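What follows is each chain in one-letter form.
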Amino acid sequence: MVRLIMGAKGSGKTKHLIEMINNAAKDEPGNVVCIEANRTMTYDINYHIRLIDAEEYKLNSYDLLRGFISGLYAGNYDITQVFIDNLCKIVGTSVNKDTEDFLNWLDVFGERNNIKFTATISAEVGEATDGMQKFL
């Protein structure tokens, strides 16, 4: 399952995501992971959440992010929810067909491994491709 949150910069996406992350820390039976573009949420989220600074790992393409998420799960089968803040900023691109393909991969990977994914993108909803609409 993939949930996508889109909106212009400053529209409150990250604040909403922080609330969702902290609720997941209380409610999720498994481990919760948050991947962010840089360490801005360190003091805003519950200390039980595994916070990952994507900049540290140079996750600057969807292929690298795919491999990273696969590796996270291979090392910890107890992951039940993953949050990705500012997806396009992490990989250094704007919304495009590759973004749609990545979200579709996340959906398949999540269904197969029983992981819920939530991602934010700083772009207007109108910029989402037709294939991305199902995740909004």
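Provided above is the structure to which this section pertains.
Residues numbered from 1 in each chain as written. Predicted model: local features only at pLDDT ≥ 70, side-chain atom pairs only at ≥ 80, totals over all residues. Heavy atoms only, no water.

Draft legend 1. Layout of the packing of helix α3 (residues 62–75) against helix α5 (residues 97–113). With their axes 11 Å apart at the nearest point, α3 and α5 run at an angle of 15° to one another. By the criterion of interaxial angle, the relationship of α3 to α5 is roughly parallel. α3 and α5 meet at a crossing whose hand is right-handed. Residues Y62, L65, R66, I69, S70 and Y73 of α3 lie in contact with α5, whose contacting residues are D98, T99, D101, F102, W105, L106, F109 and N113. Considered class by class, the residues forming the contact of α3 with α5 number 8 nonpolar, 3 polar and 3 charged. (Axes fitted to C-alpha atoms, helices over the stretch in contact; angles between N-to-C directions. Helix = DSSP H or I, 4+ residues; strand = E, 2+ residues; numbered from the N terminus. Parallel < 35°, antiparallel > 145°, perpendicular 65-115°, else oblique. Left-handed = near helix turned anticlockwise from the far one by under 90°. Contact = heavy atoms within 4.5 Å. Nonpolar A, V, L, I, M, F, W, Y, C, P; charged D, E, K, R; others polar.)

Draft legend 2. Region of the structure containing the sheet that holds strand β3 (residues 50–53). With parallel pairing, the 5 strands of this open sheet are ordered in space as β1-β5-β4-β2-β3. Edge positions in the sheet fall to β1 (2–7) and β3, since each of these pairs with one other strand and no more. Direction aside, the axes of adjacent strands within the sheet are offset by 15° on average. Bridge count between strand β2 (residues 31–36) and β3: 4 bridges; the pairing is parallel. (Pairing = 2+ DSSP bridges.)

Draft legend 3. The arrangement of the pairing of strand β5 (residues 116–122) in detail. For β5, a buried count of 5 out of 7 residues is recorded, marking the element as mostly surrounded by other parts of the structure. Across 6 bridges, the pairing between β1 and β5 is parallel. Looking at β5, one finds that R3 is bridged to T118. In this structure, strand β4 (residues 79–85) lies alongside β5, joined through 4 bridges in parallel fashion. Across the sheet, the residue bridging to I84 is A119, located in β5. (Buried < 20%, exposed > 50% of the residue type's maximum accessible area, 1.4 Å probe, protein only.)

Draft legend 4. Looking closely at the pattern of salt bridges. One pass over the full model with this rule turns up 5 salt bridges. Salt-bridge contacts for R66 lead to D63; the nearest nitrogen and oxygen are separated by 2.7 Å. Placement of the pair is R66 and D63 together in helix α3, with a separation of 3 residues, close to one helical turn. Exposure remark for D63: the relative accessible area of 58% places this residue in the exposed category. (Salt bridge = Lys/Arg side-chain N within 4 Å of Asp/Glu carboxyl O.)

Draft legend 5. Structural detail: the pairing of β4. With respect to burial, β4 is a largely interior element, 7 of its 7 residues being buried. As defined by bridge partners, β2 adjoins β4 across 6 bridges and the pair is classed as parallel. For C34, the partnering residue across the bridge sits in β4 and is F83.

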